[in-house]
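Here is how the chains run, residue by residue.
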Amino acid sequence: MATLRDGLDAAARALAAAGIATPRVDAEWLLAGLLGVGRATLALALDRAVSAPLAARYGLAVRRRAGREPLQQILGWEEFRGLRIRVTRDVLVPRPETEALVEWALGLLPAPRAGVRPLALDLGTGSGCIACALARERADLEVLAVDNSPAAAVLARENARALGVAARVRVVVGDLLEPVGPRPAALIVSNPPYLPSDLVPTLEPEVRSHEPLGALDGGGDGLALIRRIVAGARGRLRPGGALVLETAGRGQAPEVAALLDAAGFGDVAVREDLAGVSRLVAGRA
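Every value quoted in this text rests on a predicted model; they were computed, and no experiment measured them.

*Asks:* Could you give an account of the overall build of the protein chain, with specific residues and numbers?
*Replies:* Helix and strand counts for the protein chain come out as 11 helices and nine strands. Relative to the 2.2 N^0.38 estimate, which gives 19 Å for 285 residues, the radius of gyration of the protein chain is 21 Å and therefore close to what a compact globule would have. Each principal axis of the C-alpha distribution contributes one length, and for the protein chain these read about 65 × 45 × 30 Å. Looking at the protein chain as a whole, 49% of its 285 residues are labelled buried.

Below, the structure is given as C-alpha cells:
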C-alpha cells in the first residue's frame, strides 16, 4: 500500500468481496477515522504516502469490517442529530429513524418557562443518544435515563459528560419505570426492544452478532416491554404529559396506538419515520 489511494482501492475491493453493501464508503470512513479527518479531507490527500504502522492499522480495521463488525463500532462513534455518540458492543448503534422520535418528543414538551425545569424519562437509554439529544436541544430540561444494563449505563454517562449535559442527564440502572421517583414527568420517551423473537435470528450479521440482542427482542409479538411501559406510563406523567414510543413498523404501530387508547391516553397519533415507515406512536395523559 504505497499511497492512501492504493490502500483505499484495495480495501474497497476486499469489502465488496465480503458482501458489504457500501464497500467504498465504508473503506473511506475507516481510513478517515484512522487519520482523524472527514471523508472530504481524505479525498484531497489520496496521493499521500502511507506509513507501515498506518497500513497495519487500516488492514486490521478492514478485516474487522469484512467480518461484519458494524462500521460504527470500529470507528467508536455514530452521529445522532448532530452529536457524536460513542458506541460499543454493549449498546445498539443509534439509528436515523430514532432522530424522528426525538423531534416529535421535543414538539410535545411544554413551552419553556422561567424557573421551570420539566422532567423527561428515557426508558432503555442504551448509549444515551435520546437523553443527550433532548437535553442538548432543551436547555431547561432534566432527563432521567434508565437502562437495565450496567455497561450501557456507564456508556450513557460518558456520552452525557462528553456532550456537556451530565448536570441535567441522570443515568440509573433499573427495569423501565421501576427506579423512577414520584416526581411527575412531562415526557416519557422510549425506543424499547420491539422485534418479535422469531425475527431476531434473521437479522443482518452486523446486528445479530455484534449488538446486544436483549435490546432488540421484544418477546413473541414484539410488544412485551411496550405493554409494560404503556401500562405504567400514565401514573408517572403529569396531566397533559406525553408518551412517545418507537415501534417496529410492519403494522405494529397501529397495535401500539390501540394499547395507548385502551390505557386512557388522549390525542393518540402515529407518525412516519424518515424513511416513510409508520413507526412512531404518541399520546397524552
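*Asks:* Tell me what's going on with the packing of helix α2 (residues 23-35) against helix α4 (residues 52-66), and back it up with residues and numbers.
*Replies:* Between α2 and α4, the least distance of the axes is 10 Å, while the angle of their chain directions is 140°. Relative to α4, the element α2 is oriented oblique. In terms of crossing hand, the pair formed by α2 and α4 is right-handed. Mapping the contact onto sequence places D26, A27, L30, L31, L34 and L35 in α2 and L54, R57, Y58, A61, V62 and R65 in α4. Looking at the contact of α2 with α4 residue by residue, the classes come out as nine nonpolar, no polar and three charged.

*Asks:* Explain the state of the cysteines residue by residue, including any values.
*Replies:* Here, disulfide denotes a covalent bond that connects the sulfur atoms of two cysteines. Applying the stated criterion across every chain, the model contains zero disulfides. Summary of cysteine pairing: C129 is not part of a disulfide, and the nearest cysteine sulfur, belonging to C132, is at 8.1 Å. The class of C132 is buried, set by a relative accessible area of 0%.

*Asks:* Outline helix α8 (residues 150-162), supporting the account with residue identities and numerical values.
*Replies:* If you check α8, its first and last C-alpha atoms are 19 Å apart, about what 13 residues at 1.5 Å a residue would give, namely 18 Å. Buried within α8 we find A152, A153, L155, A156, N159 and A160. Take α8 and look down its axis: the buried residues cluster within an arc of 165°, on one side only. Along α8, exposed side chains directed more than 90 degrees from the buried face belong to P150, R161 and A162. Summarising the contacts, the buried residues of α8 are in contact with β2 (83-86), α7 (129-137), β4 (142-147) and β5 (169-173). At the C-terminal side of α8, G164 shows a positive phi close to 75°.

*Asks:* Before we move on, could you go through the sheet that holds strand β3 (residues 119-123) and cite the residues and values that matter?
*Replies:* The strand order across the open sheet built from seven strands is β5-β4-β3-β6-β7-β9-β8, with neighbouring strands paired in mixed fashion. Of all the strands in the sheet, just β5 and β8 (266-272) have a single pairing partner and so form its edges. The mean angle between the axes of side-by-side strands here comes to 15°, regardless of whether they run parallel or antiparallel. When β8 meets strand β9 (residues 278-284), the two strands line up antiparallel, connected through five bridges.

*Asks:* How would you sum up the environment of N191? Please name residues and give values.
*Replies:* You can see N191 is positioned in the loop between β6 (185-190) and α9 (205-208). Along the sequence, N191 and L245 sit 54 residues apart, while their C-alpha atoms lie 6.0 Å from each other. Ignoring anything within four residues of it in the chain, the contact list for N191 reads T98, L101, L123, G124, I130 and E246.

*Asks:* Residue-level account of the nonpolar core, with values.
*Replies:* L134, V169, L187 and V244 are the most contacted members of the largest nonpolar core, which totals 40 residues. If you look at the next biggest cluster of nonpolar residues, it comprises 32 residues, including L223, V230, L237 and F265.

*Asks:* Hey, could you go over the pattern of salt bridges for me, with residue numbers and the actual values?
*Replies:* Note that side chains of opposite charge can pair when their charged atoms are close. On inspection of all chains with the given rule, the structure shows 18 salt bridges. Close ionic contact of D273 with R279 constitutes a salt bridge, the shortest N to O distance being 2.6 Å. The exposure class assigned to R279 is buried, which follows from its relative accessible area of 11%. Taken together, the shared-partner salt bridges connect D26, R65, R68, E204 and E206 into one network.

Reading the values: the criteria
- Residue positions are given per chain, counting from 1 as you read along its sequence in written order.
- Residues qualify for local features only when their pLDDT is at least 70, as the model is predicted, and side-chain atom pairs are given and counted only at 80 or more; totals for whole chains, interfaces and linings, by contrast, use all residues.
- Heavy atoms from the whole structure form the basis of all side-chain values; hydrogens and water molecules are not counted.
- The helix count covers DSSP runs of H or I at least four residues long, the strand count covers runs of E at least two residues long, and both are numbered beginning at the N terminus.
- Restricting the calculation to C-alpha atoms gives the radius of gyration, and the globule rule supplies 2.2 Å times the number of residues raised to the power 0.38.
- Burial classes follow relative accessibility: with a 1.4 Å probe on protein chains only, a residue under 20% of its type's maximum area counts as buried, one over 50% as exposed, and anything between as partly exposed.
- Where helices are involved, their axes are fitted lines through C-alpha atoms of the stretch in contact, as for all axes, and angles between N-to-C directions lie from 0 to 180°.
- Oblique is the label for any angle not under 35 degrees, not over 145, and not in the 65 to 115 range, which are roughly parallel, roughly antiparallel and roughly perpendicular in turn.
- A clockwise turn of the near helix away from the far one marks a right-handed crossing, whereas an anticlockwise turn of less than a right angle marks a left-handed crossing.
- Note on contacts: a residue pair qualifies if any of its non-hydrogen atoms lie within 4.5 Å across the two residues.
- Classes in brief: Ala, Val, Leu, Ile, Met, Phe, Trp, Tyr, Cys and Pro nonpolar; Asp, Glu, Lys and Arg charged; the others, Gly included, polar.
- The criterion for a disulfide is a pair of cysteine sulfur atoms lying within 2.5 Å.
- Take the residue count of a helix, subtract one, and multiply by 1.5 Å to get its expected span.
- As used here, the arc is the angular range of directions from the helix axis to the C-beta atoms.
- Strands are treated as partners if at least two bridges between them are detected by DSSP.
- Put simply, buried Ala, Val, Leu, Ile, Met, Phe, Trp, Tyr and Cys residues joined by side-chain atoms within 4.5 Å make one nonpolar core.
- Salt bridges, as used here, are contacts in which a Lys or Arg side-chain nitrogen is within 4 Å of a carboxyl oxygen on Asp or Glu.

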